[in-house]
Amino acid sequence: MTIPAESTFPTENAPAPDQPIGVGAPETAAFLAGRPHAPQEPAPRKTFWSQLKVSLAMFSNPKSATGLIILGVFILVAIFAPLIAPYDPQAQNLDETLQPPSFQHLLGTTHIGQDVFSQIVYGTRGVLIVGFLATIMATIVAIAVGVTAGYLRGWKSESLSALSNVFLVIPGLPLMIIIASQFQDPPLIVIAAVLGLTGWAWGARVLRAQTMSLRNRDFIQAARANGEPLHRIILVEMLPNLMALIASSFVGTMTAAVLGLTTLAFIGVIPVSNLNWGTVLFWAQQNNAFPDYWWWYVPAGLCIALLGVALALVNFGIDEYVNPRLRSAGERARALKKKGLNINATVTQVRTGADAPDAPANSTSSSARSSTEGVTE
């Protein structure tokens, strides 16, 4: 049996009679055939709010949200301290010394009749101001040194890396004591500068390692091939991909700055005129308030711990956003909680009765087993 030369077998992907063979794109085929075609619409440009939404995605999980709420409460207390505090924190009333908590004095009084609640409220302002200033300074230095050292090569990169290593091994507390003791009454900006000077090295090391990973990516190489200047490559191409690490470094540095400030105040290096939670603990220790007059030192300690918990929750949320394994594990855990299953169970859980779905029991068991195993791993 012979097949005529003009006959062809129909195929599913055969081109149209007037379409050039080998041309896949309809626009290219239409151009070659001389037919008009509709132009493709350009991709929608990202607006400011869409970019802001993507940047704030790391704070959308419950841990970060809880930490931000607690931190927001402290910020509001610091801003509206004159409206919240019922008394002047330095006002003395010798007729009401060492009074326990009451309706008149919510957290009691000191040995000279000062209201402890007012001191805690005004001390929040000092802690947050110094903490934020020191963290901003340390983060700026960490970005400048870490990103530059990670992008450059040769002796420049090694020199900046050696500089961060030196500051990383320097004991921070003795250096802060030596610098702060040189001033008779150091202002808040000097205290923040001292804390920022000793707290930037760890963030610089982390950013340098991540920048070294980014500098060989395709989009960085394309920007370099296009002749983009160094500052634009770092600011436009690299920094948006480092925002999660920068935010995590910011939170960790602020935690260290708050602890450093309260430590300096507690040991008496910072003058007592700079009111903060550490000075409250300093006066309580100097006047033998431990352990009888608990209302004098317990509130300040709880505020330090609560602020540390808030910053740690924000940091945990950022870590979960950055690490895909932590993010997927957290999503599976929240999904199991919604189904009423125990995420810490070591055996397979099967829902029965009214809570069981319409699926067969075997599929439910295997689904619960796989979900539980994924979380426990």
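Within each chain, residue numbers correspond to sequence positions counted from 1 in written order. Owing to the predicted nature of the model, reporting of local features is limited to residues with pLDDT of at least 70; listing and counting of side-chain atom pairs is limited to 80 or more, with chain, interface and lining totals taken over all residues. Only heavy atoms go into the side-chain values, all of them from the structure, while hydrogens and water stay out.

Caption draft 1: Region of interest: the packing of aromatic side chains. Note on aromatic contacts: the rings of Phe and Tyr and the six-membered ring of Trp form a pair at centre separations within 6.5 Å, being stacked when their planes are under 30 degrees apart, edge-to-face when over 60 apart, and tilted otherwise. Taken as a whole and judged by the stated rule, the model has seven aromatic pairs. Centre to centre, the rings of Trp-294 and Trp-295 are 6.0 Å apart; their planes meet at 80°, and the pair counts as edge-to-face. Three or more aromatic residues link up through ring pairs in this structure, and these residues are Tyr-293, Trp-294 and Trp-295.

Caption draft 2: A look at the packing of helix α9 (residues 201-214) against helix α12 (residues 243-266). Lines fitted to C-alpha atoms define the axes, with helix axes restricted to the stretch in contact, and inter-axis angles between N-to-C directions lie between 0 and 180 degrees. Segments assigned H or I by DSSP are reported as helices when at least four residues long, segments assigned E as strands when at least two residues long, and all are numbered from the N terminus. Where α9 contacts α12, the two axes come as close as 10 Å, and the packing angle between them is 165°. With respect to their mutual orientation, α9 and α12 come out roughly antiparallel. Considering how the two elements wind past one another, α9 and α12 form a crossing that is right-handed. Along the contact surface, α9 presents Trp-202, Gly-203, Val-206, Leu-207 and Gln-210, while α12 presents Leu-245, Ile-246 and Ser-249. Polar here means any residue other than Ala, Val, Leu, Ile, Met, Phe, Trp, Tyr, Cys and Pro, which are nonpolar, and Asp, Glu, Lys and Arg, which are charged; Gly is therefore polar. Of the residues belonging to the contact of α9 with α12, the class tally is five nonpolar, three polar and no charged. Here roughly perpendicular refers to angles of 65 to 115 degrees, roughly parallel to angles under 35, roughly antiparallel to angles over 145, and oblique to all remaining angles. Working rule for handedness: look at the near helix, and if it is turned counterclockwise from the far one by less than a right angle, call the crossing left-handed; if clockwise, right-handed. In this description, contact between two residues means that some pair of their heavy atoms is separated by no more than 4.5 Å.

Caption draft 3: How the structure looks around a nonpolar patch on the surface. Only residues whose relative accessible area exceeds 30% and that form no salt bridge are eligible for patches; like-charged ones are grouped when within 9 Å, while nonpolar side chains (Val, Leu, Ile, Met, Phe, Trp, Tyr) are grouped when within 5 Å. In these tables, accessible area is a Shrake-Rupley quantity obtained with a 1.4 Å probe, and a residue counts as shielded only by the protein chains included in the view. Salt bridges are identified by distance alone: a Lys or Arg side-chain nitrogen within 4 Å of an Asp or Glu carboxyl oxygen. On the surface, a cluster of nonpolar side chains totalling about 570 Å² of accessible area is made up of Ile-75, Leu-76, Ile-79, Phe-80, Leu-83 and Ile-84. Elements with a contribution of two residues or more to the nonpolar patch: α3 (62-79) and α4 (81-84). Top contributing element to the nonpolar patch by residue count: α3, with three residues. Relative to the elements of secondary structure, Phe-80 occurs in the loop between α3 and α4.

Caption draft 4: Broad picture of the pattern of salt bridges. In this structure the tally under the stated criterion is two salt bridges. The partner of Arg-232 in a salt bridge is Glu-228, with the nearest N and O atoms 3.6 Å apart. Residue Arg-232 is classed as partly exposed on the basis of its relative accessible area of 34%. A 1.4 Å probe rolled over the protein chains alone gives each residue an accessible area, and that area as a share of the maximum for its type sets the label: buried under 20%, exposed over 50%, partly exposed in between. Looking at Glu-228, the relative accessible area reads 28%, which means it is partly exposed. Across the pair Glu-237 and Arg-232 runs a salt bridge, and its minimum N-O distance is 3.8 Å. When salt bridges that share partners are traced, they join Glu-228, Arg-232 and Glu-237 into one network.

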